[in-house]
Amino acid sequence: AVHTRDQIELPPPAIDNRLTVHPLWPEIDRISTEQIQAAFEGVGGEIGWQLFAEEGDMRMYRREVEVDGMVMDPLKAMHKVRGVSAREMCHYFFNPRYRYEWETTLEQMTIVEEISSDALVFHQTFKRIWPASQRDALFWSHVRASSENTFAVTNHSTTNTEYPANSSACIRLFVTVCLACRSTYPAGEQPTRDNITTSIAYCSTVNPGGWAPAGVLRAVYKREYPKFLKRFTGYVVDQCKDKPLAI
Ligand code: 6CM
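Note on numbering: residues in each chain are counted from 1, in written sequence order. Selection of residues for local features in this predicted model requires a pLDDT of at least 70, selection of side-chain atom pairs for listing and counting requires 80 or more, and totals for whole chains, interfaces and linings are taken over all residues. As a rule here, side-chain values cover all heavy atoms of the structure and leave hydrogens and water aside.

Caption draft 1: How the structure looks around empty space enclosed by the protein. Site definitions follow a grid-based scheme: protein atoms alone, a 1 Å grid, a 1.4 Å probe that fits but cannot get out for cavities, and for pockets an open set with protein on both sides within 12 Å along at least five of seven lines, plus lining residues having an atom within 4 Å of a point. Grid points are joined across faces, edges and corners, and a volume is the space filled by probe spheres set on the points. Under the definition given, this model contains 1 cavity of 30 Å³ or more. Taken as a whole, the largest cavity encloses approximately 50 Å³ of empty space. F52, R62, D73, P74, L75, Y221, K222 and Y225 are the residues that line the largest cavity. A total of 3 residues in the lining of the largest cavity trace back to one element, the largest contributor, which is helix α6 (residues 214-240). Under the convention adopted here, Pro, Cys and the residues Ala, Val, Leu, Ile, Met, Phe, Trp and Tyr are nonpolar, Asp, Glu, Lys and Arg are charged, and Gly plus all remaining residues are polar. Grouping the constituent residues of the lining of the largest cavity by class yields 5 nonpolar, no polar and 3 charged. Only runs of H or I of at least four residues qualify as helices and only runs of E of at least two qualify as strands under DSSP, and these elements are numbered from the N terminus.

Dropping the structure here:
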């Protein structure tokens with residue numbers, strides 16, 4: 001079969017062998033498995049989740065959590081997007097080539113290590129939010145196929161001696177993010193752009209790593225997370241519309 005360059009770089013159907021021999025593999029596997037499972041658990045019956053944004057099929061919930069006065073609110077969002085697959089959604093979230101096109105809080109992204117086709121380590125600096133100090137983050141990112149028609153990207157903070165924390169003007173923040181996507185289409189039909197729907201569960205917990213005013217931080221999250229999810233999903237729909245569906 002003839003593949004375009006873009007198709008070859010889609011998330012692989014199975015874990016890349018180069019990842020399973022890397023020192024980070026046990027941690028990447030454990031955290032990814034936990035995060036993907038948690039992402040698909042609902043917020044309905046659970047106490048403490050408050051809906052803070054709702055638009056069309058998108059719903060965003062947060063739990064207010066403070067540790068020593070620092071905001072660590074876990075966030076959970078659900079969305080449904082028509083016309084793209086879970087694999088395509090995860091491809092655009094994972095692949096650094098597209099990141100500046102949809103990530104609006106980003107100032108600079110550096111690829112620190114290319115572990116495998118399905119795992120990378122990134123250093124990112126974020127736009128400064130007055131009156132707090134600028135933040136940076138160092139995290140691994142792993143994309144995988146999980147169950148039937150399901151793909152997920154997990155990002156989790158790590159360390160690297162060449163990128164020490166708090167050595168520049170930036171304060172290092174710590175992040176755990178999971179974008180889990182599942183596609184559905186009518187039973188007995190072939191999936192097409194016209195009949196496919198992808199359900200998204202996005203979970204994020206950010207530890208700001210140092211002092212940041214709680215009110216400012218919560219206001220930033222309230223504004224930026226809905227903006228991110230709308231912009232990102234819109235971007236993927238737009239990128240995919242003239243390309244063959246990749247399942
Ligand atoms: O998940 C998102 N993006 C991924 C690719 O960049 C990645 C990023 C994680 C970092 C999330 C940190 C958000 C904090 C941004 C604001 C800076 C905080 C300064 C605090 C001072 C008051 O997983 C999308 C992330 C969307 C975030 C709104």
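Caption draft 2: Here's a closer look at the pairing of strand β2 (residues 58-62). Of all the 5 residues making up β2, 4 are buried; the element is thus mostly covered by neighbouring parts of the structure. Paired strands, as defined in this entry, are two strands with at least two bridges between them according to DSSP. Bridging between strand β1 (residues 50-55) and β2 involves 5 bridges; their strand directions are antiparallel. Within β2, the residue paired with Q50 across the bridge is R62. In this sheet, strand β5 (residues 75-82) lies alongside β2 in antiparallel orientation, the contact comprising 4 bridges. Bridging from a neighbouring strand, R59 pairs with M78 of β5. Only protein chains enter the accessibility calculation, which uses a 1.4 Å probe; a residue whose area is less than 20% of its type maximum is buried, one above 50% is exposed, and one in between is partly exposed.

Functional significance is not addressed by these values, which are geometric in nature.
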